[in-house]
Amino acid sequence: MPRYVSHLEGAIDVARLDPDVLHTLHQDRPIWVRYDLAAIGRELTKERLLSRPETMWRYRELLPYYDESDVVSLGERMTPLLPAPRLGAKLGTGNLWIKDESLLPTGSFKSRGLAMAITMAKRLGVKRVALPTAGNAGGAAAAYAARAGMECFVFMPEDTPAINQYECALAGAKTFLVNGLINDCGRIVREWKERMCWFDLSTLKEPYRIEGKKTMWLDLAEQCGWELPDVILYPTGGGTGLIGMWKAFAELAELGWLRSAKMPRMVSVQSSGCAPIVTAFEKGERFAEVFPNAHSIASGIRVPAAVGDFMILDAVRQSGGTAIAVDESRIQEWMRLAVAAEGIPLCPESAACVGALEHLRESNWIKPTDRVVLFNTGAAQKYLEAIRTELPRLDKSQPVAWERM
Ligand SMILES: *Cc1c(COP(=O)(O)O)cnc(C)c1O
């Protein structure tokens with residue numbers, strides 16, 4: 001058993017499960033990893049962290065792996081927390097920060113989760129993985145599977161951004177385009193996994209992706225001097241980002257490392273083209289219904305049904321946060337606004353968060369002095385279709401009338 005893991009726990013019924021065997025869902029719902037936080041608190045201090053390499057593995061006591069030699073890594077560095085004063089000024093907030101996860105291997109925060117999941121899958125004997133993806137999870141799974149010497153099968157909607165399609169194939173994954181959405185891709189994995197000997201790496205269908213994503217929040221907490229921001233804006237697809245945040249902060253609170261008991265208000269951001277969580281939040285429901293005709297240029301949040309819906313909604317509500325759907329037709333506009341203001345390559349999913357910030361400032365749900373952190377979950381460069389622009393052409397042999405440019 002990994003040193004500080006006490007047990008695994010069914011999210012729906014709190015059943016205790018054995019951490020030394022491979023798990024998928026329990027009662028059709030996700031599984032939490034639980035730690036002996038008292039023991040961690042006796043051995044690990046915030047100061048001891050300071051001397052460790054600046055990677056996600058510096059939080060190893062709070063991660064489930066067995067041994068250093070098990071780690072499948074592409075060098076997951078801590079990511080920068082950058083002040084965004086120009087964008088903040090445009091949106092009426094004086095204390096805006098962007099956590100830039102686009103610098104991780106494969107260009108999105110998905111690397112954190114898949115580094116951890118593939119590390120555990122390898123340790124527990126898996127040879128072949130499969131997953132449905134809205135885009136970046138496939139790219140990350142393909143890369144880490146290659147790194148681990150595993151076979152990988154990826155299923156994605158046929159209109160997934162081109163870079164996501166090609167990065168999977170490039171990393172040697174058997175990659176398939178499906179004339180449907182991520183839930184249709186998920187059905188293929190579910191129906192064939194026994195016959196194909198696939199281990200299902202779908203969001204929340206194994207216990208470890210969420211533990212890897214948790215490091216994004218440990219990293220943020222440490223960068224903030226263990227004093228968490230007032231508001232966090234996060235784009236929501238399958239929800240592991242948000243659920244991981246809630247779990248990370250709860251563990252840090254139990255360790256007694258946080259300066260204040262006040263938790264950040266979490267904002268779950270979706271697009272008007274696909275907003276199942278927002279719909280359930282507004283209706284006061286704990287479970288979300290499948291969102292009809294889901295569409296969004298922000299492919300990572302084009303997830304019409306999430307198996308962890310109740311975990312996302314619980315976390316948002318317990319934090320005093322909110323869920324908001326922004327106008328799909330304005331996502332590219334917010335993307336250009338933010339990248340031009342700060343030079344940080346915001347992906348369309350995070351551009352939706354810029355829209356949410358605009359709305360929540362207008363309604364004064366976010367105050368001008370609130371310390372706000374907006375997550376850039378992926379690199380704009382991966383979204384060729386969303387950033388394509390007609391550029392003016394110059395003729396090398398003709399003089400240019402610069403005064404008209
Ligand atoms: C997957 C993804 C999201 C959504 O994250 P979840 O944890 O699935 O809710 C947001 N942005 C990008 C760039 C993604 O790839």
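Described in the following lines is the structure provided in the data block.

About the thresholds
Residues numbered from 1 in each chain as written. Predicted model: local features only at pLDDT ≥ 70, side-chain atom pairs only at ≥ 80, totals over all residues. Heavy atoms only, no water. Buried < 20%, exposed > 50% of the residue type's maximum accessible area, 1.4 Å probe, protein only. Helix = DSSP H or I, 4+ residues; strand = E, 2+ residues; numbered from the N terminus. Pairing = 2+ DSSP bridges. Disulfide = S-S within 2.5 Å. Phe/Tyr/Trp six-rings, centres within 6.5 Å; stacked < 30°, edge-to-face > 60°. Lys NZ or Arg CZ within 6 Å of the ring centre and 35° of its normal. Core = buried A, V, L, I, M, F, W, Y, C linked by side-chain atoms within 4.5 Å. Contact = heavy atoms within 4.5 Å. Patch = residues over 30% accessible without salt bridge, like charges linked within 9 Å, V, L, I, M, F, W, Y side chains within 5 Å. Areas by Shrake-Rupley, 256 points an atom, 1.4 Å probe, with all protein chains shown as cover. Salt bridge = Lys/Arg side-chain N within 4 Å of Asp/Glu carboxyl O.

## Describing the pairing of strand β3 (residues 31-35)
Counting buried positions along β3 yields four of five residues, so the element is predominantly enclosed. Bridge count between strand β1 (residues 5-10) and β3: five bridges; the pairing is antiparallel. Paired with L8 across the two strands is V33, which belongs to β3.

## Some words on the state of the cysteines
Taken as a whole and judged by the stated rule, the model has zero disulfides. C185 supplies the cysteine sulfur nearest to C274, a cysteine that is in no disulfide, at a spacing of 14 Å. Assessed through its relative accessible area of 0%, C274 is described here as buried. In this structure C353 is not part of a disulfide, and its nearest cysteine sulfur, from C347, lies 8.1 Å away.

## Section: the packing of aromatic side chains
Scanning all chains against the criterion turns up eleven aromatic pairs. Between the aromatic rings of F287 and F310, the centroid separation amounts to 5.4 Å while the plane-to-plane angle is 40°, which identifies the pairing as tilted. Placement of F287 in the loop between α10 (276-283) and α11 (309-318) and of F310 in helix α11 is noted, with a sequence separation of 23 residues between them. Among the aromatic residues, those joined into a ring-pair cluster are F109, W217, Y234, F249 and F375. We note R265 situated over the ring of W365; from NZ or CZ to the ring centre the distance is 4.5 Å.

## Details of the nonpolar core
Counting residues in hydrophobic clusters, the biggest one holds 90 residues, and the most contacted among them are I118, V129, L201, W217, L220, F249 and L252. When residues of this core are assigned to their parent elements, the largest contribution, eight residues, is made by helix α9 (residues 240-255). Sequence-distant contacts of L201, that is, excluding residues within four places in its chain, are made with L114, A117, I118, V129, A130, L131, A141, E206 and R209. Formed by 34 residues, the second largest nonpolar core is a distinct cluster that contains I98, I331, W334 and V372.

## Quick notes on a nonpolar patch on the surface
Residues L394, W402 and M405 make up a contiguous nonpolar surface patch of roughly 400 Å² in combined accessible area. Note that L394 resides in the segment after α14 (384-387). What makes L394 exposed here is its relative accessible area of 54%.

Just geometry here; none of it tells us what the structure is for.
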